[in-house]
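Here is what each chain is made of, one letter per residue.
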Amino acid sequence: MSTRTVTARARRASAALLVLGVLALAGCAGTVPLDPGPDANNPECAAISVRVPDTIGELERRTTNAQATAAWGDPAAVIYRCGLPEQGPSDLPCFDVDGVDWLLDESNAPRYVFTTYGRTPVTEVIVDVDFVAGADAVRALSPAVSVVDADARCLAATDVFGGGSVSPTAEPTPTP
């Protein structure tokens with residue numbers, strides 16, 4: 001086999017690898033397609049969106065195709081959407097993270113949905129906990145969300161039971 005044939009074959013292989021590399025990079029940096037919330041054009045969503053971080057944990061922010069949205073990671077492991085419909089009282093667990101109340105829906109685990117409570121417009125954060133802890137994601141986004149004033153708060157057990165402290169249930173008395 002001539003040197004010329006080996007060189008041409010090597011060039012074709014290099015070109016094929018280069019094309020595959022470019023396609024792979026394009027896939028990594030591709031735009032994440034998301035649906036905007038119905039109230040995504042709310043000025044408060046803009047106030048939040050300009051404050052979301054460039055990274056969450058080690059996940060880099062990616063480009064999205066919808067207003068008042070953001071995504072981090074490849075594949076997208078954290079998704080932020082602002083402008084969702086208001087929610088009333090909920091039986092979902094509610095957590096205060098740095099002054100922002102978040103409802104937690106674990107029904108689609110390992111993708112957890114965190115939704116702000118008591119703030120308009122409503123913000124949703126979907127987290128794939130296989131890539132980043134849900135608490136880390138909402139902790140990174142709470143400062144941005146906190147620019148919107150809260151008009152309601154989640155209730156604590158002490159609020160429901162009239163203040164004071166909530167005692168654990170008594171242990172059953174053994175029968176002789």
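Colleague: Describe the pattern of salt bridges, and please don't skip the residues or the numbers.
Modeller: Within the structure shown, the criterion is met by six salt bridges. A salt bridge links R111 to D128; its shortest N-O distance comes to 3.6 Å. One end of the pair, R111, is in strand β7 (residues 111-116); the other, D128, is in strand β8 (residues 122-128), with 17 residues separating them in the sequence. Classification of R111 by relative accessible area gives partly exposed; the value is 29%. Accessibility expressed as a relative area gives 10% for D128, which makes it buried.

Colleague: Give me the lowdown on the sheet that holds strand β3 (residues 69-72), citing residues and values where you can.
Modeller: Across the sheet, which stays open at both edges, the eight strands sit in the order β1-β2-β3-β4-β8-β7-β6-β5 with antiparallel pairing between neighbours. With one partner strand each, in any of the chains shown, β1 (55-56) and β5 (94-97) form the two edges of the open sheet. Two elements, β5 and strand β6 (residues 100-105), share four bridges in a ladder whose sense is antiparallel. Residue pairing across strands places C94 opposite L103, the latter belonging to β6. Running at roughly 145° to β6, helix α3 (residues 134-145) makes contact with β1, β3, β4 (78-84), β5, β6, β7 and β8 of the sheet.

Colleague: Break down the pairing of β6 for me, citing the residues and quoting the values.
Modeller: Within β6, five of the six residues are buried, which leaves it mostly tucked inside the rest of the structure. Two successive antiparallel strands, β5 and β6, enclose a turn made up of two residues, where D98 displays a positive phi of approximately 55°. Examined bridge by bridge, β6 and β7 share four bridges and lie antiparallel to one another. Each bridged residue has a counterpart across the sheet, and for L103 the counterpart in β7 is T115. If you look at the hairpin formed by β6 and β7, you'll find five residues sitting between the two strands.

Colleague: Account for the side chain of T69, with residues named and values stated.
Modeller: Mapped onto the secondary structure, T69 falls in strand β3. Judged by relative accessible area, which is 5%, T69 ranks as buried. Reaching out from T69, the side chain makes a polar contact with the side chain of T64 at a distance of 2.7 Å.

Colleague: Please give an account of the state of the cysteines that cites residues and values.
Modeller: In total, this model carries two disulfides according to the counting rule given. With a sulfur-sulfur separation of 2.2 Å, C45 is cross-linked through a disulfide to C82. Since a negative S-S torsion denotes a left-handed disulfide, the C45-C82 link at about -85° is left-handed. Remark: C82 occurs in strand β4 and C45 occurs in helix α2 (residues 43-49); sequence separation between them is 37 residues. With respect to class, C45 is no different from C82; both count as buried.

Colleague: I'd like to hear about α3, residue by residue, with values.
Modeller: Helix length check: α3 (twelve residues) gives 16 Å between terminal C-alpha atoms against 16 Å at 1.5 Å per residue, within 8%. Regarding α3, the residues found buried are G134, A137, V138, L141, S142, A144 and V145. One face of α3 carries all of its buried residues, which in axial projection span an arc of 155°.

Cut-offs and rules
- Residues numbered from 1 in each chain as written.
- Predicted model: local features only at pLDDT ≥ 70, side-chain atom pairs only at ≥ 80, totals over all residues.
- Heavy atoms only, no water.
- Salt bridge = Lys/Arg side-chain N within 4 Å of Asp/Glu carboxyl O.
- Helix = DSSP H or I, 4+ residues; strand = E, 2+ residues; numbered from the N terminus.
- Buried < 20%, exposed > 50% of the residue type's maximum accessible area, 1.4 Å probe, protein only.
- Pairing = 2+ DSSP bridges.
- Contact = heavy atoms within 4.5 Å.
- Axes fitted to C-alpha atoms, helices over the stretch in contact; angles between N-to-C directions.
- Polar contact = N/O pair within 3.5 Å; in protein donor to acceptor, adjacent residues only side chain to side chain.
- Disulfide = S-S within 2.5 Å.
- Expected span 1.5 Å × (residues − 1).
- Arc of directions from axis to C-beta.

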